[in-house]
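# Structural characterization, general
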Amino acid sequence: TPTAGLCATTATLTITVNPNTIPTFAAVPAICAGASLSALPTTSSNGVTGTWAPALNNAATTLYTFTPTAGLCATTATLTISVTPNTIPTFAAVPAICAGASLSALPTTSTNGVTGTWAPALNNAATTLYTFTPTAGLCATTATLTITVNPNTIPTFAAVAPVCAGTTLSALPTTSTNGVTGTWAPALNNAATTLYTFTPTAGLCATTATLTISVNPAAIGGAVNGGTTICKGSSSDILTLTGYTGNIIRWESAVSPFTIWTTITNLSNTYTSGILNETTQFRAVVQSGSCNIVNSTPTIVTIGNTTWNGTSWSNGIPTSATTAIISGNYNATSNLSACSLTVNNNAVVIVKSGYNFNIYGDVTVNSGSSLTFENNTNLIQSKNTNGNSGDIIIRRQSSPLMRQDYIMWSAPVALQQLQSFSPATLSNRFYTYDPLTDLYVNVTNPATTNFALGTGYLIRVPNNHPTTPTIWEGQFKGVPNNGNYNLTVNANKYNAIGNPYPSTVDADAFIIANGITEALYFWRKTNNTNSTSYATYTLAGGTANTGGGSTTVPNGKIQVGQGFLVKATSNTILLNNAMRIINNDNQFFKSNQLEKNRIWLNLSTGTTAINQMMIAYMKDATTGIDIAIDGKYINDNQTALTSNINEEEYVIQGRSLPFEDTDVVPLNFKTNIGGSFTIDIDHVDGLFSNKQKIFLKDNLTGIEHDIKTSAYTFDSAIGTFNNRFQIVYKNSATLEVKNPVFDENSIILFKQNEILNINTNRTIMKTVRVFDIRGRLILEQENVNATTIALKNFIPEQQALLIQITSDENKVVIKKTIY
């Protein structure tokens, strides 16, 4: 129908109407609740296409609406899908597990019939969550299973004390200190340490544990070595434990019958006993940890002894390892050695001259018994401390002396009183030496004064001593001195020292030990104011005091009872047992270790000896001053022959090696009496014992005299003549001077016994005239025909004189003198 106002007719339209198609679908299987429906068909079974909506609503069934595609004559359709509800798997509770354990078998089917699988693995937390995934196709949800994880406990144990090797460990604790129970393995293996493993009881969350136990090796006692035979009153040698295992916990000792052992506190593997007086066994006690204590094999220290019953020794002749016991009278006619000596039972023991007792330890003389050492014997002891007891008697003989002579004595025993030593010596004739004044001073009261240790005393012979040279036998009585002594002296001064021992002392050892730089001086003389009082000794040797009437040359052995002077180099003089030697002879000093070539020269006038000097060619000597070799003249007499070193007088002079026969030794000569003197050789040794010649050269006369062939006699006036004599070893072309010098210097005038003596050496005198100072002739002697003349019966008043001498060649010399 056209719109009003339009001029149009109506018209008709025929429309074809298609009938609606109802979409049809095949049935859809049921789905699980909550599942997503991802693929419904978009074309119905009768060819209608379209789309589905809405989503699943989790109900028991779900309705889907199908809307055909636009333009299709089809109605909407619905599709109902069954929803199967999900099943929640359930499981029985799982027991707690231990940290670190593997979970090997969780159930694969839940208690409500759901099957599936589990994940993940245990994570060692305090609790662990497992997830259960149902098998595909089942309408069931995943499930979780929480399992408690118990932490592992580490078992702890108290320390177990070390065990001994070879023992069975029977009772280790089966419960730890923190409550874990379990068992141990393996058994002890005897190694130094053993490891035990602890396994906790099944079902306990605990780790295994280890327990280290120290294994002490079994103790081994070993053996003590070093036992020997020793002296009674001595200590053992070092005893040593060897071959032991473990720790030394003590030593032990036992005496016969060796059944009771006494503890010795000593943890060392060595031991030295104290003083032993009977045979003793020693052992060590050893323990390894807490194991059984074991003893070592013992050693035995034997006290050897033998007893003299007056006839024989009970256990053989004593040796240095046995104690000598003298219980009966005994005359020693041979040397005796013992480790100690006891004289008892009122026995009388006499050691004859020339024999010695060498005792290592102590000497004991019991009350009522006696032990006497005659002259020229020695009691040697080497123990450094003095344990002697009881008195001994020592008899010592001097060189021949006359009444009013002196000797310097030193006591070899303790508590020897001065006056009782020589009762017949006047009480004012005992002297000590004052180092500060270099003078001898009287002992104030010798009746109450004992010999001081190691001190020399100048004592005059008994007042009833013969006036002819006779031996004086001194007798000492007291406890014998022994050991090491340090004497206080004045440094750099002469001190009177003495041998303190009942045995000889080596002078060289004394000199060296004390650093002595000058000579030792021994008083050896028969009373004579015109001679020196001392013999002299250095490392080079000794010179006799010939002027004192003694021909004894100090031989390097300081005899028993001998005192001497020495210049100390410090405030201490050492005397010790190491210096003691056995010496029973009086041989000249010789040394096999030190080359010495020596000449001893004597000076005398008529039959009167004055002094002796010595020249020694030896190692360490020089032409200068040699410490402890050169010996100064003590200068206590104004007449002497000495050698010259740096314008000083020496009676002993060392000279260097090797010996050269071109050497020249200057001598000093001085005299306070004019007269005739003689120089001769006393003795020689070394190379001078052979063909080597020795000449005395007189520079005044020009004579070179072979003094090995004969003595040389010369005249001298009073004075000092330090350039007159020399010792030489090669003579000039002729021994005799063919044309001797004849002048004032070659003429010697001297007065002897109030007689005027004239010596012209080798010039023969024809006439001698004596004038006074005014020229008056007092005396004339013609036809002399000699080189010497004594003008007897010529005693003018003391005045100046002129001596006119005419030689056989008519040469005249005038010499002035005061008569």
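Residues numbered from 1 in each chain as written. Predicted model: local features only at pLDDT ≥ 70, side-chain atom pairs only at ≥ 80, totals over all residues. Heavy atoms only, no water.

Once that is clear, we can look at the overall build of the protein chain. Check the secondary structure of the protein chain and you find 2 helices and 66 strands. Against the 2.2 N^0.38 benchmark of 28 Å for 819 residues, the protein chain shows a C-alpha radius of gyration of 64 Å, more extended than a compact globule. Based on the C-alpha atoms only, the size of the protein chain along its principal axes is roughly 235 × 95 × 50 Å. Of all 819 residues assigned to the protein chain, the portion counted as buried reaches 45%. Residue pairs in contact within the protein chain that sit at least 24 positions apart in sequence constitute 59% of those at least 6 positions apart. Carbon together with sulfur atoms contributes 51% to the accessible area of the protein chain, which is approximately 39300 Å² in total. (Helix = DSSP H or I, 4+ residues; strand = E, 2+ residues; numbered from the N terminus. Rg over C-alpha atoms; globule rule 2.2 N^0.38 Å. Buried < 20%, exposed > 50% of the residue type's maximum accessible area, 1.4 Å probe, protein only. Contact = heavy atoms within 4.5 Å. Areas by Shrake-Rupley, 256 points an atom, 1.4 Å probe, with all protein chains shown as cover.)

The next thing to look at is the state of the cysteines. Applying the stated rule across the entire model yields 3 disulfides. Each disulfide pairs two cysteine sulfurs, and for Cys 98 the partner residue is Cys 205, the sulfurs being separated by 1.9 Å. In this structure the cystine formed by Cys 98 and Cys 205 twists about its S-S bond by roughly -90°; its chirality is therefore left-handed. On the criterion of sequence distance, the pair formed by Cys 98 in strand S5 (residues 97-98) and Cys 205 in the loop between strand S11 (193-200) and strand S12 (209-216) is long-range, its members being 107 residues apart. On the basis of relative accessibility, which here comes to 14%, the residue Cys 205 falls in the buried class. Across a sulfur-sulfur distance of 2.0 Å, Cys 164 and Cys 291 are joined as a disulfide pair. One disulfide, between Cys 164 and Cys 291, carries an S-S torsion of -120° and so falls in the left-handed class. (Disulfide = S-S within 2.5 Å.)

Along the chain, the position of Val 180 falls in the loop between strand S9 (163-164) and strand S10 (182-185). By relative accessible area, which is 5% here, Val 180 ends up buried. Each C-alpha atom, one on Val 180 and one on Arg 395, is 95 Å from the other, the two residues being 215 residues apart in sequence. If sequence neighbours within four positions are ignored, Val 180 has contacts with Thr 153, Pro 155, Thr 174, Thr 175, Phe 198, Pro 200, Leu 204 and Ala 206.

Under the defined criterion, the tally for this structure stands at 48 aromatic pairs. Judged by centre distance (4.6 Å) and plane angle (65°), the ring pair of Phe 91 and Phe 132 falls under edge-to-face. With a gap of 41 residues between them, Phe 91 in the loop between strand S4 (77-84) and S5 and Phe 132 in strand S7 (residues 127-134) connect regions that are remote in the sequence. Like Phe 91, the residue Phe 132 is buried in the burial classification. Between Phe 669 and Phe 714, the ring centres sit 5.2 Å apart and the planes meet at 80°, which makes this aromatic pair edge-to-face. (Phe/Tyr/Trp six-rings, centres within 6.5 Å; stacked < 30°, edge-to-face > 60°.)

Looking now at the environment of Asn 266. Locating Asn 266 in the fold gives a position in the loop between strand S17 (262-264) and strand S18 (270-271). Here the alpha-carbon distance between Asn 266 and Ile 789, two residues 523 residues apart in the chain, equals 92 Å. Beyond its immediate sequence surroundings of up to four residues, Asn 266 is in contact with Ile 248, Arg 250, Trp 251 and Tyr 271.

A word on the sheet that holds S18. Pairing in this open sheet of 3 strands is antiparallel, and the strands run S13-S15-S18 from one edge to the other. Of all strands in the sheet, those with a lone pairing partner are strand S13 (223-225) and S18, marking the two edges. (Pairing = 2+ DSSP bridges.)

Now for unusual backbone geometry. With an omega of 10°, the peptide bond running from Ser 256 to Pro 257 counts as cis. In this fold, Pro 257 is placed in the loop between strand S16 (247-255) and S17. That bond from Leu 657 to Pro 658 is cis: its omega, 0°, falls within 30 degrees of zero. Tracing the sequence through the fold places Pro 658 in the loop between strand S52 (648-655) and strand S53 (664-671). With phi around 60°, Asn 345 is a residue other than glycine that occupies positive phi space. Secondary-structure assignment places Asn 345 in the loop between strand S26 (340-343) and strand S27 (348-351). Unlike most non-glycine residues, Asn 810 shows phi in positive territory, near 65°. Counting through the fold element by element, Asn 810 comes out in the loop between strand S65 (800-807) and strand S66 (812-818).

On to the nonpolar core. For soluble globular proteins, the rule of thumb is that nonpolar side chains tend to be buried together. Counting residues in each nonpolar core, the largest one holds 60 residues, and the members touching the most others are Phe 510, Leu 520, Leu 667, Ile 727 and Tyr 729. The element contributing the most residues to this core is strand S49 (residues 608-618), with 7 residues. Setting aside chain neighbours within four positions, we find Leu 520 in contact with Ala 507, Phe 510, Ile 511, Ala 535, Thr 536, Tyr 537, Ile 558, Phe 564, Leu 565 and Val 566. The next biggest cluster of nonpolar side chains, apart from the first, holds 38 residues, and it includes Ile 392, Phe 451, Ile 459 and Val 461. (Core = buried A, V, L, I, M, F, W, Y, C linked by side-chain atoms within 4.5 Å.)

With that settled, the discussion passes to the sheet that holds strand S42 (residues 534-538). Spatially, the 5 strands line up as an open sheet ordered S39-S45-S41-S42-S43, and their pairing is antiparallel. At either margin of the open sheet sits one strand with a lone partner, and together these are strand S39 (494-498) and strand S43 (541-543). Pairs of neighbouring strands in the sheet enclose a mean axial angle of 25°, with direction left out of account. (Axes fitted to C-alpha atoms, helices over the stretch in contact; angles between N-to-C directions.)

Before going further, it helps to examine the confidence of the model for the protein chain. With 92% of its residues at a pLDDT of at least 70, the protein chain reaches an overall mean of 87. Within the protein chain, strand S60 (residues 748-752) has the poorest average pLDDT of any element, 77, and S27 the best, 98. Contacts of residues 586-593 to residues separated by more than four positions or lying in other chains number 17 contacts, the stretch itself having pLDDT below 50. (pLDDT = per-residue confidence, 0-100.)

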